[in-house]
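# Working through the structure, step by step
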Amino acid sequence: DSISTFMYSKLLVILLIGAGIYFTIRTKLPQMRLFKDACKAVVEKPEDENGVSSFQALMVSTASRVGTGNIIGVSSAICIGGFGSVFWMWVIAIIGSASALIESTLAQIYKKKGKDGECYGGPAYYIEAALHCRPLAIVFCISMIATYAFGFNMLASYNLQSTFSGFSFYDTKWTPWIIGGILAVITGWCLLGGGSRIVKVTSTLVPAMGVAYILISVIVMIINRAYLPVVFSKIISEAFDFKAIFGAFSGSAMMQGIRRGLYSNEAGIGSAPNASASANVSHPVKQGLIQALSVFTDTIVICSCTAFIILLSDLPLDGTLKGIQLTQAAVGHEIGPFGAQFIAFCILLFAFSSIVGNYSYCETNLFFISRHPAGLQIYRIA
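All of these numbers come straight from a predicted model, not from anything done at the bench. (Residues numbered from 1 in each chain as written. Predicted model: local features only at pLDDT ≥ 70, side-chain atom pairs only at ≥ 80, totals over all residues. Heavy atoms only, no water.)

Moving on, we get to the overall build of the protein chain. Secondary structure summary: the protein chain contains 18 helices and 2 strands in total. Per-residue burial for the protein chain yields a buried fraction of 53% across its 382 residues. Contacts in the protein chain between residues far apart in sequence, at least 24 positions, make up 79% of those at least 6 positions apart. Accessible surface, the protein chain: about 17600 Å² in total, of which carbon and sulfur atoms supply 69%. (Helix = DSSP H or I, 4+ residues; strand = E, 2+ residues; numbered from the N terminus. Buried < 20%, exposed > 50% of the residue type's maximum accessible area, 1.4 Å probe, protein only. Contact = heavy atoms within 4.5 Å. Areas by Shrake-Rupley, 256 points an atom, 1.4 Å probe, with all protein chains shown as cover.)

Printed below as a string of structure tokens:
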């Protein structure tokens with residue numbers, strides 16, 4: 001816990017924000033300057049008809065980025081840090097977009113084509129090629145697999161089943177096992193079908209779930225349109241309440257917004273480049289711009305949807321309701337009993353897409369260490 005607190009409150013915050021600011025200055029604010037180019041690159045068709053398109057690679061990375069943290073994590077950040085945490089999430093997304101551009105462009109430059117015709121790449125590949133240090137690349141691979149395939153996926157599956165804890169059929173003794181079993185079977189069907197099946201599943205699920213969630217949040221905003229200026233005003237005023245920030249920095253709006261932004265959009269962490277390398281694009285920077293757009297989609301759009309649903313509901317942020325219960329209560333407050341069921345369905349899709357997206361990242365890193373088929377099958381089953 002001491003190590004985690006130091007990493008999450010100090011070291012990683014300084015490294016990721018510092019890198020984001022550095023790349024933003026060096027590349028002359030590409031987040032704003034090249035936004036139109038990023039949108040154009042998304043719809044670009046690959047030269048190889050069987051190749052992975054830039055849009056499909058975007059969906060795989062967005063599947064991992066857009067997860068339970070966008071609903072549960074944002075509500076937790078608002079409960080602890082208040083309205084102002086939303087503003088600092090936006091700032092981190094803008095800064096992080098530059099890091100996402102750089103890491104995914106590097107993945108395209110240093111990617112390698114496998115015997116199966118598919119392209120593989122990511123931080124491990126460009127650490128070895130550019131820094132000439134295979135041991136460091138292997139350390140990255142092991143860290144990535146431990147974090148994403150096991151750590152983040154266990155968190156996503158736990159959040160998925162806990163969504164149903166508010167329903168009458170939920171039994172703490174048996175329901176988690178039943179939900180876990182169903183999840184394992186469906187996930188296994190995706191994983192054992194290889195990379196092409198993962199791409200197909202995520203490129204179908206992600207747009208559908210994202211659009212549905214955005215539509216509900218827009219409906220909530222329209223219903224409460226008279227209160228939108230008040231909410232915006234509170235977000236800005238609380239974001240710059242420096243007395244509160246420096247009085248209790250770890251629990252302040254600034255720190256909660258920074259933490260949520262970094263964890264949610266994953267910019268600079270080295271995850272998305274593993275998906276970016278598989279895309280067939282005409283220029284490496286185009287894939288970098290697409291991943292910068294993914295950060296924008298994740299934080300500025302999806303996380304903001306959750307924030308406005310909660311803030312416009314005017315429910316008390318005193319900790320009585322928190323996490324998924326707060327978001328479900330907020331939606332239920334606006335659109336009736338259907339709201340809790342809708343959020344449960346969203347978490348179901350968000351968590352599942354994260355699990356599949358996280359897995360695909362780790363398979364790339366496993367390939368880097370060893371391409372033995374038996375090792376890959378053991379990993380998939382595990």
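A few words on the packing of aromatic side chains. In this structure the tally under the stated criterion is 11 aromatic pairs. Between Y22 and F23, the ring centres sit 5.4 Å apart and the planes meet at 65°, which makes this aromatic pair edge-to-face. With a relative accessible area of 44%, Y22 lands in the partly exposed category. Look at F23 and you get partly exposed, because its relative accessible area is 23%. The interplanar angle of 15° and the centroid separation of 5.3 Å between the aromatic rings of Y359 and Y379 together place this pair among those described as stacked. Residue Y359 is found in helix α17 (residues 338-369), and its partner Y379 is found in helix α18 (residues 373-381); the two are separated by 20 residues along the sequence. The class for Y359 is buried, based on a relative accessible area of 3%. In this structure Y379 comes out as buried when scored by relative accessible area, which is 10%. These aromatic residues form a ring-pair network of at least three members: W90, F232 and F308. Here the basic side chain of R134 rests over the ring of F368, its NZ or CZ set 4.5 Å away from the ring centre. In this arrangement the basic side chain of K234 is found over the ring face of F83, its NZ or CZ atom lying 4.3 Å from the centre. (Phe/Tyr/Trp six-rings, centres within 6.5 Å; stacked < 30°, edge-to-face > 60°. Lys NZ or Arg CZ within 6 Å of the ring centre and 35° of its normal.)

With that out of the way, let us pick up the packing of helix α6 (residues 84-109) against helix α15 (residues 284-313). Between α6 and α15, whose axes approach to 7 Å, the crossing angle comes to 155°. Relative to α15, the element α6 lies roughly antiparallel. By crossing handedness, the relation of α6 to α15 is classed as right-handed. Tallied by class, residues from the contact of α6 with α15 come to 17 nonpolar, 9 polar and no charged. (Axes fitted to C-alpha atoms, helices over the stretch in contact; angles between N-to-C directions. Parallel < 35°, antiparallel > 145°, perpendicular 65-115°, else oblique. Left-handed = near helix turned anticlockwise from the far one by under 90°. Nonpolar A, V, L, I, M, F, W, Y, C, P; charged D, E, K, R; others polar.)

Right, let's talk about the pattern of salt bridges for a bit. If you walk through the whole model with that rule in mind, you get 2 salt bridges. A salt bridge links E128 to R134; the nearest nitrogen and oxygen atoms lie 3.2 Å apart. Owing to a relative accessible area of 21%, E128 belongs among the partly exposed residues under this scheme. Here R134 falls in the partly exposed class, since its relative accessible area comes to 30%. Between R380 and E363 there is a salt bridge whose closest N-O contact spans 3.0 Å. Highlighted residues: R380 in helix α18 and E363 in helix α17, separated in sequence by 17 residues. Neither R380 nor E363 differs from the other in exposure class; each is buried. (Salt bridge = Lys/Arg side-chain N within 4 Å of Asp/Glu carboxyl O.)

Before going further, it helps to spend a moment on a nonpolar patch on the surface. On the surface, a cluster of nonpolar side chains totalling about 550 Å² of accessible area is made up of I3, F6, M7, L11, L12 and L15. Among the structural elements, L15 can be located in helix α1 (residues 2-26). (Patch = residues over 30% accessible without salt bridge, like charges linked within 9 Å, V, L, I, M, F, W, Y side chains within 5 Å.)

A few words now on the confidence of the model for the protein chain. When pLDDT is averaged across the protein chain, the result is 81; 87% of the residues are at 70 or more. Within the protein chain, the lowest mean pLDDT, 56, falls on helix α12 (residues 242-247), and the highest, 92, falls on helix α7 (residues 123-131). (pLDDT = per-residue confidence, 0-100.)

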